[in-house]
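# Working through the structure, step by step
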Amino acid sequence: MQNGDIYEDVMGPKYAALKSWWADRTTETHRVLEDAVSEAGFRAEFVGEVSAEVAARVPPDLWKLHWPLMNTPERRRISVRLIEIWEENFTWFPRYQAYLRQNQPSTLIVWGPEDGYMPAQSARAYLRDLPNAQLHLIAGAGHWLLETHFDEARVLVREFLSRLSA
């Protein structure tokens, strides 16, 4: 990975397959990306990183209804292509970080520390550029925090917005 090396310390374990693909673009490393675009892959995306108790909060409709819409060769190919090019996202990060450092917007960070892509250290990395940001790590939450911990997040967001408008 070229420009993403500086983010190595904040990337979660779900990036392992992507990093393998970026480093060695073979049929074998690509197959893992293809397997992610499946009904089982979608289910794992929603509930694979949290406890069984938290996973029970995620309605199966999220993958059961989504998968039939995706289950065509063309849509699967497009989805895999989107996964392949995620590496480009990392080239944008310095521009976003510069904006945050220069403008210091009022910021609330509500994060699921069990996120397999961007775990707790990813949330804390924002504080490098936004030292005055308000950070909340919601215990047990993962990537789909709003599906599993909506009520906790809602309270934090309302409090934050009420302070901004005061």
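Since the model is a prediction, treat every value here as computed from it, not as a measurement.

## Some words on helix α1 (residues 16–23)
Within α1, the full set of buried residues consists of Leu18, Trp21 and Trp22. The buried residues of α1 all sit within an arc of 100° when viewed along its axis, so they share a single face. Next to the buried residues of α1 lie α2 (27–36), α7 (73–84) and α8 (89–103).

## Details of the nonpolar core
For soluble globular proteins, nonpolar side chains are generally found buried alongside one another. Within the largest apolar cluster, 28 residues are counted, with the highest numbers of intra-cluster contacts made by Tyr15 and Trp22. Among the elements of the structure, α1, α3 (39–47), α4 (52–55), α6 (66–70), α7, α8 and β1 (108–111) are those that each provide at least two residues to this core. With five residues, the next largest nonpolar core counts Ile138, Leu145, Ala153 and Leu156 among its residues.

## Describing the pattern of salt bridges
Per the counting criterion, the structure on display carries eight salt bridges. Between Lys14 and Glu49 there is a salt bridge whose closest N-O contact spans 3.2 Å. Pair noted here: Lys14 is in the segment before α1 and Glu49 is in the loop between α3 and α4, with a separation of 35 residues, a long-range link. Overall, Lys14 belongs to the partly exposed group, its relative accessible area being 23%. Arg101 is paired through a salt bridge with Asp129; the nearest N and O atoms lie 2.8 Å apart.

## Here's the deal with empty space enclosed by the protein
Across all of its chains, the model carries one cavity of 30 Å³ or more by this definition. Taken together, Phe46, Glu49, Val50, Gly142, His143, Trp144, Leu145 and Thr148 form the lining of the largest cavity. Classifying every residue of the lining of the largest cavity gives four nonpolar, three polar and one charged.

## Focus: the packing of aromatic side chains
Tallying each qualifying case throughout the model produces nine aromatic pairs. On the basis of an interplanar angle of 35° and a centroid distance of 4.5 Å, the ring pair of Phe46 and Trp144 is categorised as tilted. Taken together, the positions of Phe46 in helix α3 and Trp144 in the loop between β2 (134–137) and α10 (145–148) put the pair 98 residues apart, joining distant regions of the chain. Note on Phe90 and Phe93: the rings are 5.2 Å apart at their centroids and 55° apart in plane angle, and the pair reads as tilted. Of this pair, Phe90 and Phe93 both sit in helix α8, separated by three residues, roughly a single helical turn. Among the aromatic residues, those joined into a cluster by ring pairs are Tyr15, Trp22, Trp86, Phe90, Phe93 and Tyr117.

## Some thoughts on the side chain of Thr148
Note that Thr148 resides in helix α10. A distance of 2.7 Å separates the side chain of Thr148 from the side chain of His149, its partner in a polar contact. Filtering out sequence-adjacent residues up to four positions away, Thr148 remains in contact with Val54, Arg57, Val58 and Ala141.

## Some thoughts on the confidence of the model for the chain
A residue-level look at the chain finds 95% of positions with pLDDT of 70 or above and a mean pLDDT of 90. Segment residues 1–5 is flagged for pLDDT under 50; beyond a separation of four residues in sequence, or across chains, it makes eight contacts in the model.

## A look at the environment of Ala133
Among the structural elements, Ala133 can be located in the loop between α9 (120–129) and β2. The exposure class of Ala133 is buried, given its relative accessible area of 14%. For the pair Ala133 and Leu108, spaced 25 residues apart in sequence, the C-alpha to C-alpha distance is 5.9 Å.

About the criteria used
Residues numbered from 1 in each chain as written. Predicted model: local features only at pLDDT ≥ 70, side-chain atom pairs only at ≥ 80, totals over all residues. Heavy atoms only, no water. Buried < 20%, exposed > 50% of the residue type's maximum accessible area, 1.4 Å probe, protein only. Helix = DSSP H or I, 4+ residues; strand = E, 2+ residues; numbered from the N terminus. Arc of directions from axis to C-beta. Contact = heavy atoms within 4.5 Å. Core = buried A, V, L, I, M, F, W, Y, C linked by side-chain atoms within 4.5 Å. Salt bridge = Lys/Arg side-chain N within 4 Å of Asp/Glu carboxyl O. 1 Å grid on protein atoms, 1.4 Å probe; cavity = no way out; pocket = protein on both sides within 12 Å on 5 of 7 lines; lining within 4 Å. Points joined across faces, edges and corners; volume = space filled by probe spheres on them. Nonpolar A, V, L, I, M, F, W, Y, C, P; charged D, E, K, R; others polar. Phe/Tyr/Trp six-rings, centres within 6.5 Å; stacked < 30°, edge-to-face > 60°. Polar contact = N/O pair within 3.5 Å; in protein donor to acceptor, adjacent residues only side chain to side chain. pLDDT = per-residue confidence, 0-100.

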